[in-house]
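The primary structure of each chain is shown beneath.
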Amino acid sequence: MTEPTTIFSIDRAGWCEQARRVPSPHHNERIGPNDISLLVIHGISLPPGEFGGPWIDDLFLGRLDPDAHPYFAGIHQLRVSAHCLIRRDGELVQYVPFTARAWHAGVSSWEGREACNDFSIGIELEGTDELPFEDAQYQALTELTRALLCAYPDMSAERICGHSDIAPGRKTDPGPCFDWARLRDALQHEESGR
């Protein structure tokens, strides 16, 4: 039996209508408003290796309490964000509209082009490099990716990568446990079914 599919939709302002909105101040306008051609998959857990809790929201909103955990003392001052987070249970949280430039990639390059924040969308998966991601996360990521591919025609299934691909040696996420074949197969299955 196949699981029911939720169809995600993206409005003209760049918000996914099925996401819980938690607007982050950590973004700015894109240099080219229609220059959206790369999807970057990340992995995050706060504190490292722990799931749940308000900490990722707090980091992306700039209100992470440095005294709440020893690890936070070194990162609370960061001004970072992603467009979306997919929690372990598949919940989709959106911080920045896709039409804006989230601060997720840092120093980065894709196919010779620097500053990937300028032309990419960043999706965080709650997880670590060492643990497999959950079925619910793959389901939500697949549905969100389908919606993004429809909304932004310069993006394609061939232009989906990991943070480690755009910042090699500096970043390792989403890590070796992320099943790239599973995502690509799900997207290809959708294309062949049309």
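Shown above is the structure to which this text applies.
All of these numbers come straight from a predicted model, not from anything done at the bench. (Residues numbered from 1 in each chain as written. Predicted model: local features only at pLDDT ≥ 70, side-chain atom pairs only at ≥ 80, totals over all residues. Heavy atoms only, no water.)

J.: Please explain the environment of alanine 19 as it appears in this structure.
T.: Counting through the fold element by element, alanine 19 comes out in the segment before strand S1 (20–21). Take alanine 19: its relative accessible area is 12%, and that puts it in the buried class. Taking the C-alpha atoms as reference points, alanine 19 and isoleucine 7, separated by 12 residues in sequence, lie 12 Å from one another. Apart from residues no more than four positions distant in its own chain, alanine 19 is found in contact with Leu92, Val93 and Gln94. (Helix = DSSP H or I, 4+ residues; strand = E, 2+ residues; numbered from the N terminus. Buried < 20%, exposed > 50% of the residue type's maximum accessible area, 1.4 Å probe, protein only. Contact = heavy atoms within 4.5 Å.)

J.: How should the sheet that holds strand S5 (residues 92–94) be read in this particular structure?
T.: Ordered by their spatial adjacency, six strands build an open sheet running S1-S5-S4-S9-S3-S10, and the pairing between neighbours is mixed. Only two strands of the sheet have a single neighbouring strand rather than two, namely S1 and strand S10 (160–162). Taken together, the three bridges between strand S4 (residues 84–86) and strand S9 (residues 120–126) define a ladder with parallel strand orientation. Bridge pairing in S9 links cysteine 84 to isoleucine 123. (Pairing = 2+ DSSP bridges.)

J.: Could you clarify how one ought to interpret the pairing of strand S3 (residues 38–44) in this entry?
T.: For a regular strand, side-chain orientation follows a simple rule: the groups alternate between the two sheet faces. Here S3 lies mainly inside the structure; six of its seven residues are buried. Of the pairings in the sheet, the one linking S3 to S10 comprises three bridges and is parallel in character. Across the sheet, residue leucine 39 finds its bridge partner in S10, namely isoleucine 160.

J.: Honestly, the pattern of salt bridges in this entry has me stumped. Any pointers?
T.: A side chain of one charge can pair with a side chain of the opposite charge if their charged atoms are brought near each other. A complete count under the given rule lists 12 salt bridges for this structure. Arginine 101 is the salt-bridge partner of aspartate 118, the closest N and O atoms lying 2.6 Å from each other. Within this pair, whereas aspartate 118 is found in the loop between strand S8 (113–114) and S9, its partner arginine 101 is found in strand S6 (residues 100–102), the two being separated by 17 residues in sequence. Grouping residues by exposure puts aspartate 118 and arginine 101 together as buried. As a salt-bridge pair, arginine 159 and glutamate 111 come within 3.0 Å of each other at their nearest N and O atoms. In this pair, arginine 159 sits in the loop between helix H2 (135–151) and S10 while glutamate 111 sits in the loop between strand S7 (109–110) and S8, placing the two residues 48 residues apart along the sequence. (Salt bridge = Lys/Arg side-chain N within 4 Å of Asp/Glu carboxyl O.)

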